[in-house]
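Fold and contact review
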Amino acid sequence: MPSPASVSASAAPARPIGVIRVLTSEDPAAVATHGTAIEERYGLPTVSRCIPGQPHGIHDDDSEARAEPEIVDLARELADAGARTLIISCAADPALQQTRQAVGIPVIGAGSAAAAVALGLGRRVGVLGIRDEAPPAVRAVLGDHFAASARPDGVHRTTDLLAPEGPAAVLEAAAGLVASGADTLLLACTGLNTIGIRPLLEERLGVPVVDPVLAAGLLASYAYGG
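A brief report on the enclosed structure follows. This is a predicted model, so every value here is computed, not measured.

Ranked by size, the top nonpolar core spans 28 residues in total, and within it Ile-17, Ile-87, Val-127, Leu-142 and Leu-186 carry the most contacts. Where this core is concerned, the elements lending two or more residues are strand E1 (17-21), helix H2 (33-42), helix H5 (110-119), strand E5 (125-129), helix H6 (136-142), strand E7 (184-188) and helix H10 (212-224). Considering each element in turn, this core owes the most residues, six residues, to H10. Beyond its immediate sequence surroundings of up to four residues, Ile-87 is in contact with Ile-17, Gly-18, Val-19, Ile-20, Ile-38, Ile-108, Ala-216, Gly-217 and Ala-220. Among the nonpolar cores identified, the runner-up in size contains 21 residues, and Ile-20, Ile-58, Ile-71 and Leu-74 belong to it.

As structure tokens, then:
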């Protein structure tokens, strides 16, 4: 069985975008989900790896603190293996500054990338995530354009989104943000990309919805160069 933190070297493209997943999985296809979304959207090569010991991803301060050194170590490995740009695929931007200091290539946090894109789309940004408060990295970028945050009922960690009732709970929470005045929604959990909820939210609610994985891929397309 392949390591949960790796893909085979023969499958890795030359000088790819390294996608760091903070949800540990033994399934290579699951680990590659976000990288695949970036490849399909932007035509950029990616290689995806996940950190160990986080079967439920990052969902509170303790899980974030445990993940940070693992993220930095994995970033070094990907950079040493030839990655051209790195994405930390978590809307909390865990260990973003430490990782930037540790490697000599661009490092993009999915949360701050999503917030930057949201600022180009609306003036009142509603943040939908898996914690009771919006990630500080997202709030810092949004500033006065932050409208409110919401957490879907029954969702406390990213794996909860995979439950049968997960999409309905996400839609209900998102609708509440729009009803309260949000003109743009920001998905503050990359697990929301995994369940493919963005098109449904835009169709039902009629506002732009910023996916953090795609937002990070957009910024990576600039950092990646020709």
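Our focus in this paragraph is the pattern of salt bridges. Tallied over the entire structure, the rule returns six salt bridges. A salt bridge links Glu-77 to Arg-49; the shortest N-O distance between them is 2.6 Å. Remark: Arg-49 occurs in strand E2 (residues 46-50) and Glu-77 occurs in helix H3 (residues 61-80); sequence separation between them is 28 residues. For Arg-49, a relative accessible area of 15% gives the class buried. The partner of Arg-131 in a salt bridge is Asp-61, with the nearest N and O atoms 3.3 Å apart. Taken together, the positions of Arg-131 in the loop between E5 and H6 and Asp-61 in helix H3 put the pair 70 residues apart, joining distant regions of the chain. Each of Asp-61, Glu-64 and Arg-131 takes part in a single network of salt bridges with overlapping partners.

Cut-offs applied
Residues numbered from 1 in each chain as written. Predicted model: local features only at pLDDT ≥ 70, side-chain atom pairs only at ≥ 80, totals over all residues. Heavy atoms only, no water. Core = buried A, V, L, I, M, F, W, Y, C linked by side-chain atoms within 4.5 Å. Buried < 20%, exposed > 50% of the residue type's maximum accessible area, 1.4 Å probe, protein only. Helix = DSSP H or I, 4+ residues; strand = E, 2+ residues; numbered from the N terminus. Contact = heavy atoms within 4.5 Å. Salt bridge = Lys/Arg side-chain N within 4 Å of Asp/Glu carboxyl O.

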